[in-house]
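# Structural overview for review
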Amino acid sequence: MPTAQHAALRPRRHGVFNAIRLNQTPRWLPRWLLFVACVLTQPVLAAETPKAPAIDATTATLQRIQTAARSLDYSGVFTYQQGGNMSSSRVIHLVDGTGERERLEILDGDPREYVRHNDEIQCLIPEKKAIVRQQRRGDRFPGLLIDDGKNISAHYNLKTGKSLSRIAGRACTVLELIPKDALRYGYRLCSDAKTGLLLKAQTLGARQRVIDQVTFTSLQVGGKVDADQLASHWDTTGWSVIEPVLAPIDLAKMGWRIPAPLGFRGITQVSRSMEPDRKVNQLVLSDGLAAISVFIESVAPAHDQELAKGAVREGIMNIFGTRIGDYWFTAIGEVPAQTLRELAERTQYVPLPAPK
């Protein structure tokens with residue numbers, strides 16, 4: 001669960017499409033998905049937050065982990081593992097008079113860097129000599145929460161280990177978030193006993209099977225972090241700058257009836273301009289830990305032969321696509337495949353009457 005922009009390797013906590021490799025994207029998916037390695041699942045416009053219940057022990061524990069990720073100075077290398085595949089990333093995070101500053105460097109495969117100052121992120125893509133500017137999400141590893149976490153205890157039970165574990169040479173407390181239904185995955189966390197910083201996170205499927213995990217292999221916390229490490233390795237002079245064009249929308253008023261799974265609520269609804277003459281509507285749903293992104297685009301004649309109903313899995317990320325009327329509907333999330341299938345199959349589009 002953890003999610004770091006885990007370096008463009010996995011969606012959610014580290015970007016929803018990050019886990020979809022450009023050369024592995026299934027043929028039936030819309031072509032625009034091939035370009036989303038840096039941006040698509042980052043919520044940009046927050047929906048109004050409903051009144052939340054008082055903070056309970058679960059919320060307090062998770063908020064401590066989240067606060068540590070945002071307020072501490074630290075640097076280290078963490079690995080992301082999915083099955084037999086493993087990749088590494090280096091993160092440097094400092095808090096100074098200007099706020100949070102961070103650089104995340106992907107150490108394996110195609111080079112990528114994410115340079116962040118507070119809520120602004122620049123994703124550097126060296127092979128294209130391009131910079132994608134975007135807004136941050138709050139849950140990248142070693143962060144955890146997508147929102148304030150006050151509704152999580154309604155859908156997960158928290159279990160605390162009786163003894164300490166050890167990660168990257170640091171004592172840590174083992175925590176398990178056990179889902180109360182089959183709509184979501186469970187998580188096993190290890191947070192630093194002294195600071196609360198998340199050191200390891202595993203996503204758990206049926207029978208506690210580990211689907212994927214992210215863990216620090218080396219870590220420094222505090223004054224030993226060198227601010228010079230925040231500087232990018234790349235000279236970006238002359239690189240193109242890409243800024244997604246976004247506009248708030250209301251899918252319900254557009255005729256869409258999208259039933260959120262129990263415990264999930266809307267975080268963002270936006271229209272994205274993917275090409276000069278092509279727009280994709282996006283809805284982001286979250287239960288505070290897991291995220292689901294829904295993408296809706298018109299079916300163009302040129303694409304109609306390529307798109308077919310189906311599902312695919314990339315580690316923790318499941319993807320389900322189907323045609324609804326004259327639209328292609330794609331649901332992507334770090335939830336069980338059946339959750340996405342039910343979401344897609346229960347979605348309805350009721351065309352609005354033409355204006356008189």
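Since the structure is predicted, the reported quantities are computational estimates derived from the model, not experimental observations. (Residues numbered from 1 in each chain as written. Predicted model: local features only at pLDDT ≥ 70, side-chain atom pairs only at ≥ 80, totals over all residues. Heavy atoms only, no water.)

Before going further, it helps to examine the pairing of strand 1 (residues 74-82). With respect to burial, strand 1 is a largely interior element, 8 of its 9 residues being buried. With 8 bridges joining them, strand 1 and strand 11 (residues 210-221) adopt antiparallel strand pairing. Bridge assignment links Y80 to a residue of strand 11, and that residue is V214. Hairpin remark: strand 1 followed by strand 2 (residues 85-96), antiparallel, with 2 residues in the connecting loop; positive phi at G83, about 60°. (Buried < 20%, exposed > 50% of the residue type's maximum accessible area, 1.4 Å probe, protein only. Helix = DSSP H or I, 4+ residues; strand = E, 2+ residues; numbered from the N terminus. Pairing = 2+ DSSP bridges.)

Here we take up unusual backbone geometry. Notably, R207 is not glycine yet its phi reads approximately 55°, a positive angle. Topologically, R207 is positioned in the loop between strand 10 (198-204) and strand 11. According to the relative accessible area criterion, R207 is exposed, its value standing at 78%. Notably, Q208 is not glycine yet its phi reads approximately 60°, a positive angle. Tracing the backbone through its elements, the reader meets Q208 in the loop between strand 10 and strand 11. The exposure class assigned to Q208 is partly exposed, which follows from its relative accessible area of 39%.

Looking now at the sheet that holds strand 7 (residues 156-167). Taking strand neighbours across the sheet as the criterion, the 12 strands line up as 7-8-9-10-11-1-2-3-4-5-6-12 in an open arrangement whose pairing is mixed. Of all the strands in the sheet, the pair left with one neighbour each is strand 7 and strand 12 (240-242). Adjacent strand axes in the sheet meet at a mean angle of 15° when their direction is disregarded. Bridging between strand 2 and strand 3 (residues 99-106) involves 8 bridges; their strand directions are antiparallel. Counted as the bridge partner of V91 is L104 from strand 3. (Axes fitted to C-alpha atoms, helices over the stretch in contact; angles between N-to-C directions.)

Further remarks concern helix 1 (residues 57-71). Compared with an ideal rise of 1.5 Å per residue, which puts 15 residues at 21 Å, helix 1 spans 21 Å between its outermost C-alpha atoms and is within 8% of the ideal. Buried residues of helix 1: T58, T59, L62, I65, Q66, A68 and A69, and no others. The distance from a side-chain oxygen at the start of helix 1 to the backbone nitrogen of T58 is 3.3 Å, and the residue carrying that oxygen is D56. (Expected span 1.5 Å × (residues − 1). Polar contact = N/O pair within 3.5 Å; in protein donor to acceptor, adjacent residues only side chain to side chain.)

Bridge analysis of strand 3 against strand 4 (residues 112-117) gives 6 bridges, and the strand direction is antiparallel. The residue of strand 4 that forms the bridge with I106 is R112. Where strand 3 folds back onto strand 4 in an antiparallel hairpin, the turn is made up of 5 residues, including G109, whose phi is positive at roughly 70°. Both strand 4 and strand 5 (residues 120-125) contribute to a ladder of 5 bridges, which runs antiparallel. The partner of R116 across the bridge, within strand 5, is I121. Between strand 4 and strand 5, which follow one another and run antiparallel, lie 2 residues, and N118 among them has a positive phi close to 55°.

What follows concerns the pattern of salt bridges. The tally for this structure, following the rule as stated, stands at 15 salt bridges. E105 serves as the salt-bridge partner of R90, at 3.1 Å between the closest nitrogen and oxygen. Note that R90 is positioned in strand 2 and E105 in strand 3, a separation of 15 residues in sequence. Assessed through its relative accessible area of 29%, R90 is described here as partly exposed. Residue R184 is joined to D287 by a salt bridge in which the shortest nitrogen-to-oxygen separation is 2.9 Å. Note that R184 is positioned in the loop between strand 8 (170-179) and strand 9 (186-192) and D287 in the loop between strand 16 (278-286) and strand 17 (291-298), a separation of 103 residues in sequence. In this structure D287 comes out as buried when scored by relative accessible area, which is 3%. Here the residues in one salt-bridge network are R90, R103, E105 and E113, joined through shared partners. (Salt bridge = Lys/Arg side-chain N within 4 Å of Asp/Glu carboxyl O.)

Take helix 3 (residues 337-346) next. All of the buried residues along helix 3 are T339, L340, L343 and A344. An end-on view of helix 3 places all buried positions within 125° of arc, on one side of the element. On the buried face of helix 3, the contacting elements are strand 16, strand 17, strand 19 (317-324) and strand 20 (327-333). (Arc of directions from axis to C-beta. Contact = heavy atoms within 4.5 Å.)

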